[in-house]
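Each chain, written out:
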Amino acid sequence: MKLLDIYSRMKRDIAFIEKELEQNVYTEHAVLRQASVHLLKAGGKRLRPIFVLLAGQFGQYDLNRLKYVAVPLELIHMATLVHDDVIDDADTRRGQLTVRSKWDNRIAMYTGDYIFAKALVMITQLANPRIHQIMSRAIVEITVGEMEQIRYFFSAGQSIRDYLLRIKRKTALLIAISCQLGAIASDADEEAIRRLYRFGYNVGMAFQIRDDILDLCGTEKQLGKPPGSDIRQGNITLPVIYALQDPKRRSELLGELAVIQERDGQTDVNRFIQLVRESDGIRRSDELASRYIQKAIDSLHTLPDIQAKRDLVEVAHFVGSRSY
């Protein structure tokens, strides 16, 4: 409920950002417009714009300036989802058909490219090279993270460090710079900028770990896609890495993994999921996510005690315990 309270308090500003998103994906090209709007209407929690707006309250809050950060960051997130769905052969996301499923892979790839480009066009409205540099470096790192995920498909030998570096690039970085750039665009002081970046980074790490737990423990209704999607694609996540350390289950898990890989993910993964659930992989992953959430909250300690700070703490708690 507390997260809903935050959305309620920020309702007008969120609606403004949503309208800006719609305006910025508009194009005269019919198919590109339809695909972009379809993606936008599929919804989402809009967490990245929320982080931008909350971080902006630690400086000189100006929605007409912050939109040039909030909208591009959400567009970049949307673009990565379209490209992810192509790589993963995903048919649904958030309970809706993906762009690749509704159209095809080519349309999906060009739609993702178009949305990326629109993000870059919009952020140039801010005449601050530091903002441009941070966003450009982040896009490079996100791309490397996606490539690393492909490189490690079905690799049972990857380490926890490999996984954490991958999710830092793939997920945590964009949330971290959402907080950082919201503060920079609002001319917050450097200490606040650093602390908000650390907050975003730790929340982002917890977000992805929690996402990976849900993929193994959630229902199709909760997830908007079939559970076990990660392992069907060959994506070895933290609960699986931990489960593979269990000598009682390692051999059978490796056997199941080999079958899934041999059949290119087109097989029943229920036994694999059951084995991971029976191990301590879920518990250990949840504990690590909780440690990241605590680190995130601790990073806010010296910031002014304003409503935005309390809201960030509530969002962190939501991320650490979310079931969707």
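I will try to describe carefully the structure that is included in this document. (Residues numbered from 1 in each chain as written. Predicted model: local features only at pLDDT ≥ 70, side-chain atom pairs only at ≥ 80, totals over all residues. Heavy atoms only, no water.)

Quick word on the side chain of Thr267
Stated precisely, the cut-off is as follows: The helix and strand labels rest on DSSP assignments: H or I over at least four residues marks a helix, E over at least two residues marks a strand, and numbering proceeds from the N terminus. The definition of a polar contact used here is a pair of N or O atoms within 3.5 Å, where within protein one atom must be able to donate a hydrogen and the other to accept one, and adjacent residues in sequence count solely through side-chain atom pairs. In what follows, a contact means two residues having at least one pair of non-hydrogen atoms within 4.5 Å.
For Thr267, the location among the structural elements is in the loop between helix 14 (250-262) and helix 15 (270-278). A distance of 3.3 Å separates polar atoms of two side chains, one belonging to Thr267 and the other to Arg263. Once you skip the residues sitting within four places of it in the chain, Thr267 turns out to touch Arg232, Val259 and Ile260.

Thoughts on the packing of helix 4 (residues 47-56) against helix 5 (residues 63-88)
What counts here: Geometry is summarised by axes, namely lines fitted to C-alpha atoms with helices restricted to the contacting stretch, and by angles between N-to-C directions that run from 0 to 180 degrees. Angular relationships are summarised with four words: roughly parallel below 35 degrees, roughly antiparallel beyond 145, roughly perpendicular across 65 to 115, and oblique for the angles in between. By the definition used in this description, the sense in which the near helix is turned from the far one sets the handedness, with an anticlockwise turn below a right angle giving left-handed and a clockwise turn giving right-handed. Three categories are distinguished: nonpolar for Ala, Val, Leu, Ile, Met, Phe, Trp, Tyr, Cys and Pro, charged for Asp, Glu, Lys and Arg, and polar for the others, with Gly belonging to the last.
Close contact between helix 4 and helix 5 brings their axes to 8 Å; oriented N to C, the two are set at 150 degrees. Taken together, the axis directions place helix 4 and helix 5 in an arrangement best described as roughly antiparallel. In terms of crossing hand, the pair formed by helix 4 and helix 5 is right-handed. For the pair helix 4 and helix 5, contact is made by Arg48, Pro49, Val52, Leu53 and Gly56 and by Leu63, Leu66, Val69, Ala70, Leu73, Glu74 and His77, respectively. The class makeup of the residues in the contact of helix 4 with helix 5 is eight nonpolar, two polar and two charged.

Focus: the nonpolar core
Put simply, the rule is: What is meant by a nonpolar core is a set of buried Ala, Val, Leu, Ile, Met, Phe, Trp, Tyr and Cys residues, joined one to another through side-chain atoms within 4.5 Å. Throughout, exposure labels follow a simple rule: accessible area from a 1.4 Å probe, protein chains only, divided by the maximum for the residue type, with under 20% read as buried, over 50% as exposed, and the rest as partly exposed.
Core analysis: the biggest nonpolar cluster contains 106 residues, and Phe51, Leu196, Phe199, Ile209 and Val319 have the highest contact counts within it. In terms of residues, this core owes the most to one element, helix 9 (residues 160-185), which gives 14 residues.

Structural notes on helix 15
Condition: This arc is taken over the directions from the axis of the helix to the C-beta atoms.
Considered for burial, the residues of helix 15 that qualify are Phe272, Ile273, Leu275 and Val276. The arc that holds every buried residue of helix 15, seen down its axis, measures 160 degrees, which confines them to one face. Of the surrounding elements, those touching the buried residues of helix 15 are helix 10 (190-217), helix 12 (229-233), helix 13 (238-244), helix 14 and helix 16 (281-299).

Comments concerning unusual backbone geometry
If you check the backbone angles, Asp187 has positive phi at about 60 degrees while not being a glycine. With respect to the helices and strands, the residue Asp187 is situated in the loop between helix 9 and helix 10. Unusually for a residue other than glycine, Asp264 sits at a positive phi of about 55 degrees. Structurally, the position occupied by Asp264 is in the loop between helix 14 and helix 15. Judged by its relative accessible area of 57%, Asp264 falls in the exposed class.

Topic: the pattern of salt bridges
Keep this limit in mind: Here a salt bridge means any side-chain nitrogen of Lys or Arg lying within 4 Å of a carboxyl oxygen belonging to Asp or Glu.
The tally for this structure, following the rule as stated, stands at 20 salt bridges. Between Glu191 and Arg194 there is a salt bridge whose closest N-O contact spans 2.9 Å. On the criterion of helical spacing, the pair formed by Glu191 and Arg194 is a turn pair, its members being three residues apart in helix 10. Since its relative accessible area comes to 32%, Glu191 is described here as partly exposed. One network of salt bridges, in which partners are shared, links Glu18, Arg46 and Glu74.

Considerations on the packing of helix 5 against helix 9
Running from N to C, helix 5 and helix 9 cross one another at 170 degrees; their axes reach a closest spacing of 9 Å. Relative to helix 9, the element helix 5 lies roughly antiparallel. Residue-level inspection shows Arg65, Leu66, Val69, Leu73, Ile76, His77 and Asp84 of helix 5 in contact with helix 9, the latter providing Lys170, Leu174, Ile177, Ser178, Leu181, Gly182 and Ala185. Split by residue class, the contact of helix 5 with helix 9 holds eight nonpolar, three polar and three charged.

Re a nonpolar patch on the surface
Rule in force here: Patches here are clusters of residues that have more than 30% relative accessible area and form no salt bridge, with a 9 Å joining cutoff for like charges and a 5 Å cutoff for nonpolar side chains (Val, Leu, Ile, Met, Phe, Trp, Tyr). Surface exposure here means Shrake-Rupley accessible area, sampled with a 1.4 Å probe, where a residue is shielded only by the protein chains that are shown.
A surface patch of nonpolar side chains, about 260 Å² in accessible area, is lined by Ile87, Met147 and Ile150. One can find Ile87 in helix 5. Overall, the relative accessible area of 36% leaves Ile87 in the partly exposed class.

A word on the side chain of Gln158
With respect to the helices and strands, Gln158 occurs in the loop between helix 8 (129-151) and helix 9. Polar contacts involving the side chain of Gln158 include one to the main-chain carbonyl oxygen of Ser155, which spans 2.9 Å. Polar side-chain contacts of Gln158 include one of 2.8 Å to the side chain of Arg166. Not counting residues within four places of it along the chain, the set of residues in contact with Gln158 comprises Tyr152, Arg166, Ile236 and Ile241.

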